[in-house]
Structures are given as C-alpha cells and as structure tokens.
Amino acid sequence: MDKADRKSSARAPIKLGELNYTPVLIALAVVLLTIVVLFLWKRKKTVRSAVLFTGLCDSGKTYLFAHLCLGGARETFTSIKENVGNFKTERGRVLKMVDVPGNERLRGKFFDEYKNIAKAIVYMIDSVTVQKDIRDVADFLYTILVDKATSKVPVVVLCNKQDETLAKTETAIKSMLEKEINIVRQTRRSQLQSVDNSSSSDTFLGKSASVDFEFEQLGQRVRFVPCSAMEEQFAGLTKFLDTL
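So, here is what we can say about the structure in this document. These numbers come from a predicted model, not from an experiment.

1. As for the pairing of strand S5 (residues 155-160)
Item 1. The element S5 is largely enclosed, with a buried count of 6 among its 6 residues.
Item 2. Neither face of S5 is open: one carries Val155, Val157 and Cys159, the other Val156, Leu158 and Asn160, and all of them are buried.
Item 3. Across 6 bridges, strand S4 (residues 118-126) lies against S5 in parallel orientation. Its bridge partner lying in S5, Asp126 is registered against Asn160.
Item 4. Considered for its hand, the β-α-β crossover made up of S4, helix H5 (residues 134-146) and S5 is right-handed.
Item 5. Here S5 runs beside strand S6 (residues 222-226); their pairing, made up of 5 bridges, is parallel. Across the sheet, residue Val155 finds its bridge partner in S6, namely Val222.

2. Overview of unusual backbone geometry
Item 1. One non-glycine residue, Asp58, lies in positive phi territory at about 65°.
Item 2. Among the structural elements, Asp58 can be located in the loop between strand S1 (50-55) and helix H3 (61-70).
Item 3. The class of Asp58 is exposed, set by a relative accessible area of 63%.
Item 4. Phi is positive for Glu232, which is not a glycine, with a value near 55°.
Item 5. On the secondary structure map, Glu232 appears in the loop between S6 and helix H7 (235-241).

3. Details of the pattern of salt bridges
Item 1. Counted under the stated rule, the structure contains 9 salt bridges.
Item 2. Of the charged contacts in the structure, one is a salt bridge between Asp126 and Lys161, with a shortest N-O distance of 2.7 Å. Residue Asp126 is found in strand S4, and its partner Lys161 is found in the loop between S5 and helix H6 (170-196); the two are separated by 35 residues along the sequence.
Item 3. For Asp126, a relative accessible area of 11% corresponds to the buried category.
Item 4. Salt bridges sharing common partners tie together Asp112, Lys115 and Asp147.

4. Details of a nonpolar patch on the surface
Item 1. Nonpolar side chains collect at one region of the surface, where Val31, Leu32 and Ile35 lie side by side and expose about 290 Å² of accessible area between them.
Item 2. If you trace the backbone, Val31 turns up in helix H2 (residues 22-45).
Item 3. Given the relative accessible area of 46%, Val31 is considered partly exposed.

5. Notes on helix H4 (residues 107-114)
Item 1. Where H4 is concerned, the buried positions are Arg107, Phe110, Phe111 and Tyr114. Projected down its long axis, H4 carries its buried residues within an arc of 105°, all on one side.
Item 2. Buried-residue contacts for H4 involve S1, strand S2 (83-88), strand S3 (94-99), S4 and H5.

6. Quick look at the packing of aromatic side chains
Item 1. Per the counting criterion, the structure on display carries 3 aromatic pairs.
Item 2. Seen in terms of ring centroids, Phe213 and Phe215 are 5.1 Å apart; in terms of plane orientation they differ by 75°. Their pairing is edge-to-face. The pair Phe213 / Phe215 is uniform in exposure class, with both members buried.
Item 3. Three or more aromatic residues joined by ring pairs make a cluster, and in this case those are Phe213, Phe215 and Phe224.

7. Comments concerning the nonpolar core
Item 1. Residues Leu177 and Phe215 are the most contacted members of the largest nonpolar core, which totals 39 residues.
Item 2. For this core, the secondary structure elements donating two or more residues are S1, H4, S4, H5, S5, H6 and S6.
Item 3. For this core, the element with the highest residue contribution is H5, accounting for 9 residues.
Item 4. Among the nonpolar cores identified, the runner-up in size contains 23 residues, and Val51, Ala120, Val225 and Phe240 belong to it.

8. Brief notes about H3
Working note: α-helix, 3.6 residues per turn, so residues spaced by three or four point in the same direction.
Item 1. With 9 of 10 residues buried, H3 is to be regarded as a mostly interior element.
Item 2. If you check which residues of H3 are buried, you get Lys61, Thr62, Tyr63, Leu64, Phe65, Ala66, His67, Leu68 and Cys69.
Item 3. Just beyond H3, the residue with positive phi is Gly71, at close to 80°.

Conventions adopted
Residues numbered from 1 in each chain as written. Predicted model: local features only at pLDDT ≥ 70, side-chain atom pairs only at ≥ 80, totals over all residues. Heavy atoms only, no water. Buried < 20%, exposed > 50% of the residue type's maximum accessible area, 1.4 Å probe, protein only. Helix = DSSP H or I, 4+ residues; strand = E, 2+ residues; numbered from the N terminus. Pairing = 2+ DSSP bridges. Right-handed = clockwise from strand over helix to strand, strands pointing away. Salt bridge = Lys/Arg side-chain N within 4 Å of Asp/Glu carboxyl O. Patch = residues over 30% accessible without salt bridge, like charges linked within 9 Å, V, L, I, M, F, W, Y side chains within 5 Å. Areas by Shrake-Rupley, 256 points an atom, 1.4 Å probe, with all protein chains shown as cover. Arc of directions from axis to C-beta. Contact = heavy atoms within 4.5 Å. Phe/Tyr/Trp six-rings, centres within 6.5 Å; stacked < 30°, edge-to-face > 60°. Core = buried A, V, L, I, M, F, W, Y, C linked by side-chain atoms within 4.5 Å.

Pasting the structure below:
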C-alpha cells in the first residue's frame, strides 16, 4: 500500500502557479528584439535618400553637379568614379546628389551600387549629339526604367545644351527616344528568347510588343525638361528637386 501511495504521489500534477516562466519569457523577448532589429536594419538599408545624375559621357552631368553642389562652374573631366555632394532646395531641404560616371564600362557598376537608395533620377542628354548617340542614350535609359529598384522612382530627362543652335527640343527628343526604345525592347526580348526560349515581363517596357512604346504607358512619371548648364538655365530641374 505504501508503494502505491508513493507512485501516486510521484505522478501528482504540477500546478500552473508553480511553473517558472522566466526562461520562456526571456526567449520570447530575444526573438521579438531580433525581429525589431532586423526590421529597422532593413528599413535603414533601403531608405531612399539620393538623387542620381545619370547619362552618357559629355552630356554635362558633372558640370551641372558642380553648379548645384559647389555653388558654381568647375572645369570637369570624364568621371571614373562617382561624385557625391549636397544640394539645398528653396524649401531648405538638403538632398544628397550622386553623379554617376557616364563611361560605358563604369556606368552600370555605379548605377547598381546606388540604385537602391535612389529617391529620384536625373537622366541628362546632350541635345546636340542625341541623334547620333540615340541608340546608346535609349539603351541606358531603358536599363534604368526597367530595373525593379528604380521602376517607381520619378525620372527627369534633362535635355541639356538648349542654348546651342543645333540642339533638339525636349519634345523632339522624347519622340526620338520612344521610337528607339521600340527597337531596344525588341532586341532585348529576342536576346532573352534565344537564351531560354521565353520572354520576361521584367525586361519589357510598355503595354505589349504590338503597341508602340510611349512614356505615358509607364507606372512612373518621366518628365522631359529643357536645360542649359553653361547658361545656368536649369530652373525646371531645381523646381522638380524642390518637390522631393
């Protein structure tokens, strides 16, 4: 009988009030703290804080960058690395400006480096030579517009050198680019099909291949703005920057 009483006593239920919840609560606190830290870190990492100056070489990017960030013109050379500075808007807000090199072998690398923090993109075009360089101009712009990291970022296509006689107007440049992007997107689509026999919507701009491309088809707003960096005529750009 004594044996039975001892076994019954050993199997007696433990009351909830007697449990020590401290290790469980500590573990939960650690998990929650880890989640919060990871969330804040990811948010800080992806915060969009920069205006990217992009475009081909000799479009006037660095010259204009110097005007905006250094307060005046500077003698410039073809950039082999990014230039970073600050611009204060009329409203008093300070924007981080990044001048991305236009060299064909470098621009992709630096664009990829900064695209995830891009708050806006300024795509600068030489309005005098644009017709001659239209394929490269359209191809690089296509790369920027189709990239998921920048597909929702506002873009200003800044048509520079409007003070020169042979300069194309921003309206003419827009039309030229729409026609050329039709060719670029078909070329890229064909290249993809030759690799995996399929097309990817991630690398296609516009409604469909059967509809001619227009910038109005995009989910992001693309503005075409005239400019003359040499004559310090870039009010359209500064007005845009003031809205950011």
